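Examination of the molecular architecture
Read off the chains here:
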Amino acid sequence: LSKKDASIVENKEKTKKYLEKGNFPFPKGKSFWFWETKKSIKYGVYEIGFPLVVKPRGGSVARHVSTNINSIFDLKLAIKKANQYSPIFIVEKFMADSFVYRATVVDFDYVAVVKQIPANVEGDGVLTIEELIKAKNGELIRGELHEKNFTLYKIIINDTTSKILKENNQCLKTILKLNKIVYLQRDPFLKLGGDLIEVTLDVHSDNIKLFKDIARYFDIRLVGMDFMIPDITKSWRNQNCAIIELNSMPAIEMHHYPYKGVPKNVAREVVNLFIKYYG
């Protein structure tokens, strides 16, 4: 189906160079071998500047990825973490004040988009944060990390949770006011209890076109894109934004099981794609 090598999107460095060649938005960054730690730190601190992201060059499904790095100490830890998965890692600029969206494009035309948000709870004026977490974790749509038949997972309480609560003068025993939302992680990873919000109809037409144009440029009829932007309802041309990753085998269940919003039947579109070309 494709005249181009689909493996390009599985290599984050090649993807970045290809995005640059096509004049698409991408975060500034560079890849390094594990023995180039000092060189990578110098590059990150002095050529890009904090905050930073460190991730393996190959896909790790968000594992071994560190975001919003703001110190040399944390940068060194992030590099060690990435090297546990791959001998080659990428240091790139972190898109501050932005949200992560997963856009899946099928056959260059159909587009579905979900917003990924960090683990959170919403107050009711009665329950404590700890009780709200317990209630949310009790929802049948959330599984344990070792369970494979789930898209959403239980909220993880860790040191990051404690730090965030402390920064907001809160603790697990704090009673949240009605409709008050508190975030419990900095990253929107599903494995930490993050949520998915279906937003396709809210996406600005320029952004929909961007996703379709990228799919055509890479000549991939099924592709998932991780896109960071402050406001998805406004054109990407007027904001600091970036395509941070492409995936030729996207997790389409993200669109089928959002925490909020009407699910999109991406699987049906994929089946139609195969029938169209192989049926």
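Residues numbered from 1 in each chain as written. Predicted model: local features only at pLDDT ≥ 70, side-chain atom pairs only at ≥ 80, totals over all residues. Heavy atoms only, no water.

We now examine unusual backbone geometry. Geometrically, the link from Phe50 to Pro51 is a cis peptide bond, its omega value of 0° lying close to zero. Locating Pro51 in the fold gives a position in the loop between α2 (37-48) and β2 (52-56). A positive phi angle is found at Asn68, which is not glycine, with a value near 50°. By the secondary structure assignment, Asn68 is in strand β3 (residues 66-69). Positive phi, normally seen in glycine, also occurs at Asn169, with a value near 55°. Tracing the backbone through its elements, the reader meets Asn169 in the loop between α5 (159-167) and β10 (181-183). Relative accessible area serves as the criterion here: at 73%, Asn169 is assigned to the exposed category. (Helix = DSSP H or I, 4+ residues; strand = E, 2+ residues; numbered from the N terminus. Buried < 20%, exposed > 50% of the residue type's maximum accessible area, 1.4 Å probe, protein only.)

The final tally for this structure, using the stated rule, is 17 salt bridges. The closest approach of N and O atoms between Asp195 and Arg142, which form a salt bridge, is 2.3 Å. Of this pair, Asp195 sits in strand β11 (residues 195-198) while Arg142 sits in strand β8 (residues 142-143); the two residues are 53 residues apart in sequence, bridging distant segments of the chain. The pair Asp195 / Arg142 is uniform in exposure class, with both members buried. For the salt bridge of Asp213 with Lys209, the shortest nitrogen-to-oxygen distance reads 2.8 Å. Linking Asp213 with Lys209, this pair stays in helix α6 (residues 205-218), spanning four residues, or about one helical turn. (Salt bridge = Lys/Arg side-chain N within 4 Å of Asp/Glu carboxyl O.)

Here the focus is the packing of α2 against helix α3 (residues 72-83). Each packed pair of helices is defined by two parameters, the angle between the axes and the distance between the axes. The interhelical angle for the contact between α2 and α3, taken along N-to-C directions, is 130°, at an axis separation of 11 Å. One way to sum up the angle between α2 and α3 is to call them oblique. The handedness of the crossing between α2 and α3 is right-handed. Counted together, Thr37, Ser40, Ile41 and Val45 of α2 and Ile72, Leu75, Lys76 and Ile79 of α3 form the full contact between these two elements. Within the contact of α2 with α3, the residues separate by chemical class into five nonpolar, two polar and one charged. (Axes fitted to C-alpha atoms, helices over the stretch in contact; angles between N-to-C directions. Parallel < 35°, antiparallel > 145°, perpendicular 65-115°, else oblique. Left-handed = near helix turned anticlockwise from the far one by under 90°. Contact = heavy atoms within 4.5 Å. Nonpolar A, V, L, I, M, F, W, Y, C, P; charged D, E, K, R; others polar.)

Before going further, it helps to spend a moment on the sheet that holds β3. Spatially, four strands are ordered β1-β4-β2-β3 in an open sheet, and the strand pairing comes out antiparallel. Edge positions in the sheet fall to β1 (29-33) and β3, since each has one partner strand and no second. Shown here is a sheet whose adjacent strand axes are inclined to one another by a mean of 20°, direction ignored. On top of the sheet, α3 reaches β2, β3 and β4 (88-93); it is set at about 15° to β2, its chief contact. (Pairing = 2+ DSSP bridges.)

The next subject is helix α8 (residues 266-278). Compared with the 18 Å implied by 1.5 Å per residue over 13 residues, the 18 Å span of α8 between its first and last C-alpha is a close match. Burial in α8 covers these residues: Val266, Glu269, Val270 and Leu273. Viewed end-on, α8 has its buried residues packed into an arc of 100°, placing them on one side of the element. Those residues of α8 hidden inside the fold are in contact with β5 (99-106), β6 (110-117), β12 (222-229) and α7 (253-256). (Expected span 1.5 Å × (residues − 1). Arc of directions from axis to C-beta.)

Burial analysis of β12 places eight of its eight residues in the buried class, the great majority of the element. Alternating residues of β12 divide into Leu222, Gly224, Asp226 and Met228 and Val223, Met225, Phe227 and Ile229, and every residue in both groups is buried. Inspection of the sheet shows β12 paired to strand β13 (residues 242-247) by five bridges, in the antiparallel sense. Within β13, the residue paired with Met225 across the bridge is Leu246.

Attention shifts here to empty space enclosed by the protein. Sizing a probe to match a water molecule and rolling it over the atoms shows the empty space that remains. All chains considered together, the criterion is met by one cavity of 30 Å³ or more. Reported here for the largest cavity is a volume of approximately 60 Å³. Forming the boundary of the largest cavity are Lys12, Thr15, Lys16, Leu19, Phe26, Pro27, Lys55, Ile90, Glu92, Ile243, Ile244 and Glu245. Elements represented by at least two residues in the lining of the largest cavity include exactly α1 (12-21), β4 and β13. Of all the elements, α1 adds the most residues to the lining of the largest cavity, at four residues. A breakdown of the residues in the lining of the largest cavity according to their chemical character gives six nonpolar, one polar and five charged. (1 Å grid on protein atoms, 1.4 Å probe; cavity = no way out; pocket = protein on both sides within 12 Å on 5 of 7 lines; lining within 4 Å. Points joined across faces, edges and corners; volume = space filled by probe spheres on them.)

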